[in-house]
Amino acid sequence: MQLSLNFQFPFFAEPLDETDIASIFQSVYRGYLNRSWKINFTKNIHVEFFAYRGLKHVLRFRDDEAHVRISHHAKGQNTEFFEALAHVLWARVFRKKCDPVWEKTYKDYETQLAHKIPESPSVKRVFDSRGVIFDLEEIKSRLDLRFFGGHFNAVKIGWSRQSARTRLGHYDFGAAWIVITKILDHPEIPSYVVEYIVYHEMLHHIHRPQNGRIHTREFNAAEKLFPDYRIAKTWINETYPKFLRRNAQ
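As a starting point, this report considers the structure included with it.

Rules and cut-offs
- Residues numbered from 1 in each chain as written.
- Predicted model: local features only at pLDDT ≥ 70, side-chain atom pairs only at ≥ 80, totals over all residues.
- Heavy atoms only, no water.
- Helix = DSSP H or I, 4+ residues; strand = E, 2+ residues; numbered from the N terminus.
- Buried < 20%, exposed > 50% of the residue type's maximum accessible area, 1.4 Å probe, protein only.
- Contact = heavy atoms within 4.5 Å.
- Expected span 1.5 Å × (residues − 1).
- Bend = angle between axes of the 7 residues up to and from the residue.
- Pairing = 2+ DSSP bridges.
- Phe/Tyr/Trp six-rings, centres within 6.5 Å; stacked < 30°, edge-to-face > 60°.
- Lys NZ or Arg CZ within 6 Å of the ring centre and 35° of its normal.

**With respect to the overall build of the protein chain**
1) Next: Counting secondary structure elements, the protein chain contains 7 helices and 6 strands.
2) Next: Start at the N end of the protein chain and walk to the C end: the helices and strands fall as α-β-β-β-α-α-α-β-β-β-α-α-α.
3) Next: Sorting the 249 residues of the protein chain into buried and exposed places 48% on the buried side.
4) Next: Intrachain contacts of the protein chain at a sequence separation of at least 6 include 57% that bridge at least 24 residues.

Shown next as structure tokens:
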């Protein structure tokens, strides 16, 4: 059963400062607190922007206070962005499924922001494409020849360093990197699921965001051309949560 939270947020004129953002987090917090058996009482919420290298955001409790560190790359974002971020972070704290609308909203903003963050020339990013079960470079090359005419030689691909559970794939526009969560390098994961996720991220290299939209009409139409689109989506929506429960650490 999905947890859907519907309540009103205060209106803020742009740009938002840390106090405004803390008020948004407080509103979302009350909504989760009223709908959860897990009790985390907090008297105050402190928000600060922190110079993380990427789009990292952290919410931690200290005594009876909550401290939120938000990537400095998110400065200047609008109310909707911080509402979505608050839902994503509080859902983790309360171990609830984030409302898909808020989750998608955050991911769309995240993709736009990632496109604007310059890649640091001093940081060497290396992701291994060969996993225990799946070789992502082989999958990318095969999909490239079949669907894209062999134009993806310059796009790099690899497994993530951490086993992200909800973000299955990501395309870094600035670095031309496709990163797939290493939790999928597992014998229980069907090959067509990994292939679909790689195909999805390859589409991001071709169909760039337009007017703030990440998944444009053209993107969605191209995505459905993947032969195993429906069964891959069904497996992700219905079977993947069971896989996570079986393999919870």
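**Regarding helix α7 (residues 229-246)**
1) Next: The end-to-end C-alpha distance of α7 is 25 Å, a good match for the 26 Å that 18 residues give at a rise of 1.5 Å each.
2) Next: The sharpest bend along α7 comes to roughly 45°, located at T239, with the proline P241 sitting one to four residues further on.
3) Next: Regarding α7, the residues found buried are Y229, A232, W235, I236, Y240, F243 and L244.
4) Next: Buried residues in α7 make contact with α5 (191-206) and α6 (217-223).

**Comments concerning the pairing of strand β5 (residues 169-172)**
1) Next: Across the two faces of β5 the burial is the same, with G169 and Y171 and H170 and D172 all buried.
2) Next: Here β5 runs beside strand β6 (residues 177-180); their pairing, made up of 4 bridges, is antiparallel. Directly across from H170, in β6, lies its bridge partner V179.
3) Next: Counted along the chain from β5 to the antiparallel partner β6, the turn is 4 residues long, and its residue A176 has a positive phi close to 55°.

**So, the packing of aromatic side chains**
1) Next: Applying the stated rule across the entire model yields 18 aromatic pairs.
2) Next: Ring centres of Y29 and F94 lie 6.3 Å apart, and the angle between their planes is 45°; on these two criteria the pair is classed as tilted. Of this pair, Y29 sits in helix α1 (residues 18-33) while F94 sits in helix α2 (residues 79-94); the two residues are 65 residues apart in sequence, bridging distant segments of the chain. Exposure class is identical for Y29 and F94. Each is buried.
3) Next: Here a set of aromatic residues connected by ring pairs shows up, and it is made of F147, F148, F152, Y196, Y199, F226 and Y229.
4) Next: When the ring centre of F50 is taken as origin, the NZ or CZ atom of R69, which lies over that ring, is 3.9 Å away.

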